[in-house]
Amino acid sequence: MDAYYKTKSRRLPSTHWDKVIKNAFGQYKEIKNKTKRRPYVRSTYFDKEKIFLGLFWHHLHEKTNIRDKTRRLKYFPCAIELVQNSNIKPTTQTSKEEPNIYLHRFAGVTPEGQRFFVQIKENIKNGQKWLISVFPQDE
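This one's a predicted model, so the numbers in the text were calculated from it and none came from an experiment. (Residues numbered from 1 in each chain as written. Predicted model: local features only at pLDDT ≥ 70, side-chain atom pairs only at ≥ 80, totals over all residues. Heavy atoms only, no water.)

**Quick notes on the packing of aromatic side chains**
Summed over the entire model, instances satisfying the criterion amount to 14 aromatic pairs. Here the aromatic rings of phenylalanine 52 and tryptophan 130 are separated by 5.1 Å at their centres, their planes lie at 40°, and the arrangement is tilted. On the criterion of sequence distance, the pair formed by phenylalanine 52 in strand E3 (residues 49–52) and tryptophan 130 in strand E7 (residues 129–136) is long-range, its members being 78 residues apart. For the pair shown, phenylalanine 52 and tryptophan 130 are each scored as buried. (Phe/Tyr/Trp six-rings, centres within 6.5 Å; stacked < 30°, edge-to-face > 60°. Helix = DSSP H or I, 4+ residues; strand = E, 2+ residues; numbered from the N terminus. Buried < 20%, exposed > 50% of the residue type's maximum accessible area, 1.4 Å probe, protein only.)

**Examining the pattern of salt bridges**
Counted under the stated rule, the structure contains 5 salt bridges. The partner of arginine 71 in a salt bridge is aspartate 68, with the nearest N and O atoms 2.6 Å apart. Taken together, the residues arginine 71 and aspartate 68, both in helix H3 (residues 66–73) and 3 residues apart, mark about one turn of the helix. For the salt bridge of lysine 129 with glutamate 122, the shortest nitrogen-to-oxygen distance reads 3.5 Å. Glutamate 122 sits in the buried class, given a relative accessible area of 14%. Several salt bridges converge on common partners, so that one network encompasses Glu49, Glu122 and Lys129. (Salt bridge = Lys/Arg side-chain N within 4 Å of Asp/Glu carboxyl O.)

**Topic: helix H1 (residues 17–32)**
In an α-helix, one turn spans 3.6 residues, which is why side chains three or four residues apart end up on the same side. Helix length check: H1 (16 residues) gives 21 Å between terminal C-alpha atoms against 22 Å at 1.5 Å per residue, within 8%. Every buried residue of H1 is listed here: Trp17, Val20, Ile21, Ala24, Tyr28 and Ile31. Buried residues along H1 cover an arc of 90° about the axis, so they all sit on one side. In H1, the exposed positions that point more than 90 degrees away from the buried face belong to Asp18, Lys22 and Glu30. Of the surrounding secondary structure, the elements contacted by the buried residues of H1 are strand E2 (40–43), helix H2 (54–62), H3 and helix H4 (76–85). (Expected span 1.5 Å × (residues − 1). Arc of directions from axis to C-beta. Contact = heavy atoms within 4.5 Å.)

**Details of the nonpolar core**
Judged by nonpolar contacts, the single largest core of 29 residues is most densely connected at Trp57, Leu73, Phe76, Val118, Ile120, Leu131 and Val134. Where this core is concerned, the elements lending two or more residues are H1, H2, H4, strand E6 (115–123) and E7. Among all residues touching valine 134, those that are not within four sequence positions of it are Phe56, Arg72, Tyr75, Ala79, Phe116, Phe117 and Val118. (Core = buried A, V, L, I, M, F, W, Y, C linked by side-chain atoms within 4.5 Å.)

**What about the pairing of E2?**
Of the two faces of E2, only the one carrying Val41 and Ser43 is buried; Tyr40 and Arg42 on the other face are not. In this structure, E2 lies alongside E3, joined through 4 bridges in antiparallel fashion. Counted as the bridge partner of serine 43 is glutamate 49 from E3. Here E2 folds back onto E3, and the loop between the two strands holds 5 residues, one of which, aspartate 47, carries a positive phi near 55°. (Pairing = 2+ DSSP bridges.)

**Considering a positive patch on the surface**
A cluster of basic residues, Lys36, Arg37, Arg38, Arg42, Lys48 and Lys50, forms a positive patch on the protein surface. As for its position among the elements, lysine 50 is in strand E3. For lysine 50, a relative accessible area of 34% corresponds to the partly exposed category. (Patch = residues over 30% accessible without salt bridge, like charges linked within 9 Å, V, L, I, M, F, W, Y side chains within 5 Å. Areas by Shrake-Rupley, 256 points an atom, 1.4 Å probe, with all protein chains shown as cover. Lys, Arg positive; Asp, Glu negative; His and termini not counted. Charge placed at Lys NZ, Arg CZ, Asp CG, Glu CD.)

Any functional reading would require information that these geometric values do not contain.
As structure tokens, then:
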């Protein structure tokens, strides 16, 4: 994966879970308040189709390590910008557990130079897409 989308959004400051969740969830609430139903953002890469955000929070809360959760959540603003604006082709593979699911992995880089990935799950049957994960590149 050579191409990284360069975001203008910065990572959330702080290493404390309470501060990071407050800032990230505040941004999520702004998105959520724009719709009466499921919160979503529109993706340039997928021709302005909706990418639903609810599964991301469920997936994040399944993690048990608070440090890992904080590390991932710090990239939330960058991930939203990447999903909305990136035209760079992701790596796509079929899920091993569910053959009717595609997993798209987009790569991004923050203004500070940290690389991260955003994973989107697509249901082949109905075409719905869900943001499921954001994580930094391990160095």
